[in-house]
Amino acid sequence: MRSPSFLSRRPPPMLLLLLSLWPLWAQSSTAATFSGTPATPDCPEACECAPGGLVNCSGRALPAVPADLSRRVRALLLDHNRVRALPPGAFVGAGTLLRLDLRENGLRWVHARAFRSLGALQRLDLSGNQLEALAPRTFSPLRALRSLSRAGNRLARLEPAALGALPLLHALSLQDNELSALAPGLLARLPALHALHLRGNPWTCGCALRPLCSWLRRHPRRAPETETLLCVLPGRQTLSPLTAFPDAAFSHCPQPLAPRDLAVVYVLGPISFLASLAACLALGSVLTACRTHRPQPPGETAGLWPWEPRRRCSGLSGPWLFSNLPPSPALLHSPCTRQQATQTEIFVTFL
């Protein structure tokens, strides 16, 4: 039995050549998809992309965050560039970003809404920059953040409002900054914190260090370098370990007011002020009414105030200031004359 004629024929040479080049063409096309060519919309220009959503822009001397980031980006490496500032919405479009590396950029300023679109971000590295302070609610949108590094900056104070409430954060690095203490309530808003790095800061032994010392005693395993953390005693230039200060060492320090106490002060303060003001006005009105409606017999002159005794004056038919004749010296120095002169001056002033 003969086989069909189309099976017995040899394929044309051109077809064999195309089939042999197909694997090479497919491999080059795949590489071009993640090589960062301008024709690829998912990969920023001057960056290299790899499967899995990795965008590598390290060491490219970039002055700003690449624009038009795709939602397919999972990891963005921007370390060792020249990104000096992060404006509002710097990462718009990268809503599924999980890792962001901004090390060694000379970063000096971060807007409070720079990370507002990164709700899924889990790892953020800001180490090796020049940050001195952070605006309140800078990290509030990062509710899924698990690791945060701000090592090697110039932070002299870290407020709880800047860090915000990060319920999933388990690693925080603050080493090699200029911190002398941590604000009260800062670590209390990080319930999942398991690793805290604090070495390389000029800690000052004092009342401001009480919250940190208390936290380190309660969580000795969460700060592996606790034994090497030292603080300087003011005026003595001697070093002491932070773990050497029990609660009794801070007994002389004033206790901060609880939020409930602050609320009471803020509410009762204005109310008590208004109540005292109203009482003064009411008392003044009562005294004025008593002074006005009190009867005055003929020949008596009332005092300037209701509680002053009445004096009987003789020899004067009216205020001497309105008389054409000058009064005698004895009359000028009499108590009644001085009192009438004072009342007349007050009357003329009000007119």
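Just above sits the structure.
In what follows, the accompanying structure is described. (Residues numbered from 1 in each chain as written. Predicted model: local features only at pLDDT ≥ 70, side-chain atom pairs only at ≥ 80, totals over all residues. Heavy atoms only, no water.)

## Considerations on the layout of surface pockets
In this model, the largest pocket occupies a volume close to 400 Å³. Lining of the largest pocket is provided by 22 residues; of these, Pro 184, Gly 185, Arg 210, Pro 211 and Leu 212 occupy positions nearest its centre. Here the lining of the largest pocket is built from residues that sort into 16 nonpolar, four polar and two charged. (1 Å grid on protein atoms, 1.4 Å probe; cavity = no way out; pocket = protein on both sides within 12 Å on 5 of 7 lines; lining within 4 Å. Points joined across faces, edges and corners; volume = space filled by probe spheres on them. Nonpolar A, V, L, I, M, F, W, Y, C, P; charged D, E, K, R; others polar.)

## A closer look at a nonpolar patch on the surface
Taken together, Phe 273, Leu 274, Leu 277 and Leu 281 make up a surface patch of nonpolar side chains, about 430 Å² in accessible area. The residue Leu 277 is located in helix H5 (residues 259–293) in this model. What makes Leu 277 partly exposed here is its relative accessible area of 41%. (Patch = residues over 30% accessible without salt bridge, like charges linked within 9 Å, V, L, I, M, F, W, Y side chains within 5 Å. Areas by Shrake-Rupley, 256 points an atom, 1.4 Å probe, with all protein chains shown as cover. Salt bridge = Lys/Arg side-chain N within 4 Å of Asp/Glu carboxyl O. Helix = DSSP H or I, 4+ residues; strand = E, 2+ residues; numbered from the N terminus. Buried < 20%, exposed > 50% of the residue type's maximum accessible area, 1.4 Å probe, protein only.)

## Let's talk about the nonpolar core
In terms of nonpolar packing, the biggest core is built from 65 residues, with Leu 76, Leu 86, Phe 91, Leu 100, Phe 115, Leu 124 and Trp 203 touching the most fellow members. For this core, the elements supplying multiple residues, two or more each, are helix H3 (160–163) and helix H4 (210–218). Counting residues per element, this core draws most heavily on H4, at four residues. (Core = buried A, V, L, I, M, F, W, Y, C linked by side-chain atoms within 4.5 Å.)

## Comments concerning the environment of Cys 49
Relative to the elements of secondary structure, Cys 49 occurs in strand S1 (residues 48–50). When the C-alpha positions of Cys 49 and Ala 75 are compared, they lie 9.9 Å apart, and in sequence the two are 26 residues distant.

## Section: the sheet that holds strand S9 (residues 171–173)
With mixed pairing, eight strands are arranged side by side in an open sheet as S1-S2-S3-S5-S7-S8-S9-S10. The two strands at the open ends of the sheet, each matched to only one other strand, are S1 and strand S10 (195–197). Sheet twist, expressed as the average angle between the axes of neighbouring strands with direction ignored, equals 5°. Bridge analysis of strand S8 (residues 147–149) against S9 gives three bridges, and the strand direction is parallel. The partner of Ser 149 across the bridge, within S9, is Ser 173. (Pairing = 2+ DSSP bridges. Axes fitted to C-alpha atoms, helices over the stretch in contact; angles between N-to-C directions.)

## Observations concerning the sheet that holds strand S11 (residues 203–204)
One open sheet accounts for three strands, arranged S11-S12-S13; its pairing is mixed. Of all the strands in the sheet, the pair left with one neighbour each is S11 and strand S13 (239–241). Note: strand S12 (residues 230–232) against S13, three bridges, orientation antiparallel. Note on S13: the bridge partner recorded for Val 232 is Leu 239.

## Observations concerning the side chain of Asn 201
Following the sequence through the fold, Asn 201 ends up in the loop between S10 and S11. Discounting chain neighbours no more than four positions away, the residues touching Asn 201 are Leu 174, Gln 175, Asp 176, Asn 177, Glu 178 and Leu 179. (Contact = heavy atoms within 4.5 Å.)

## Observations regarding the state of the cysteines
Per the counting criterion, the structure on display carries four disulfides. With a sulfur-sulfur separation of 2.0 Å, Cys 47 is cross-linked through a disulfide to Cys 57. Between Cys 47 and Cys 57, the S-S torsion sits near 110°, and that sign places the bridge as right-handed. Linking Cys 47 in the loop between helix H2 (13–33) and S1 with Cys 57 in the loop between strand S2 (54–56) and strand S3 (75–77), this pair joins segments that are ten residues apart in sequence. Assigned by exposure class, Cys 47 and Cys 57 land together as buried. Of all cysteine sulfurs, the one in Cys 231 lies closest to Cys 213, which takes part in no disulfide; the gap is 6.6 Å. Residue classification places Cys 213 among the buried positions, given a relative accessible area of 1%. (Disulfide = S-S within 2.5 Å.)

## A look at the environment of Ala 162
Tracing the backbone through its elements, the reader meets Ala 162 in helix H3. For the pair formed by Ala 162 and Phe 139, sequence separation is 23 residues and the distance between their alpha carbons is 6.8 Å. In contact with Ala 162, other than residues within four places in its own chain, are Leu 134, Ala 135, Pro 136, Arg 137, Thr 138 and Phe 139.

## Topic: the environment of Trp 215
By secondary structure assignment, the location of Trp 215 is in helix H4. Placed 27 residues apart in sequence, Trp 215 and Ala 188 show a C-alpha to C-alpha distance of 8.6 Å. Ignoring sequence-local partners within four residues, the contact set of Trp 215 consists of Leu 187, Leu 193, Leu 196 and Arg 222.

## Quick look at the pattern of salt bridges
In the structure shown here, the tally under the stated rule is seven salt bridges. For Arg 60, the salt bridge goes to Glu 48, with nearest N and O atoms at 3.5 Å. Highlighted residues: Arg 60 in the loop between S2 and S3 and Glu 48 in strand S1, separated in sequence by twelve residues. For Glu 48, a relative accessible area of 44% corresponds to the partly exposed category. Across the pair Arg 103 and Asp 125 runs a salt bridge whose closest N-O atoms are separated by 3.7 Å. Of this pair, Arg 103 sits in the loop between strand S5 (99–101) and strand S6 (109–110) while Asp 125 is found in strand S7 (residues 123–125), placing the two residues 22 residues apart along the sequence.

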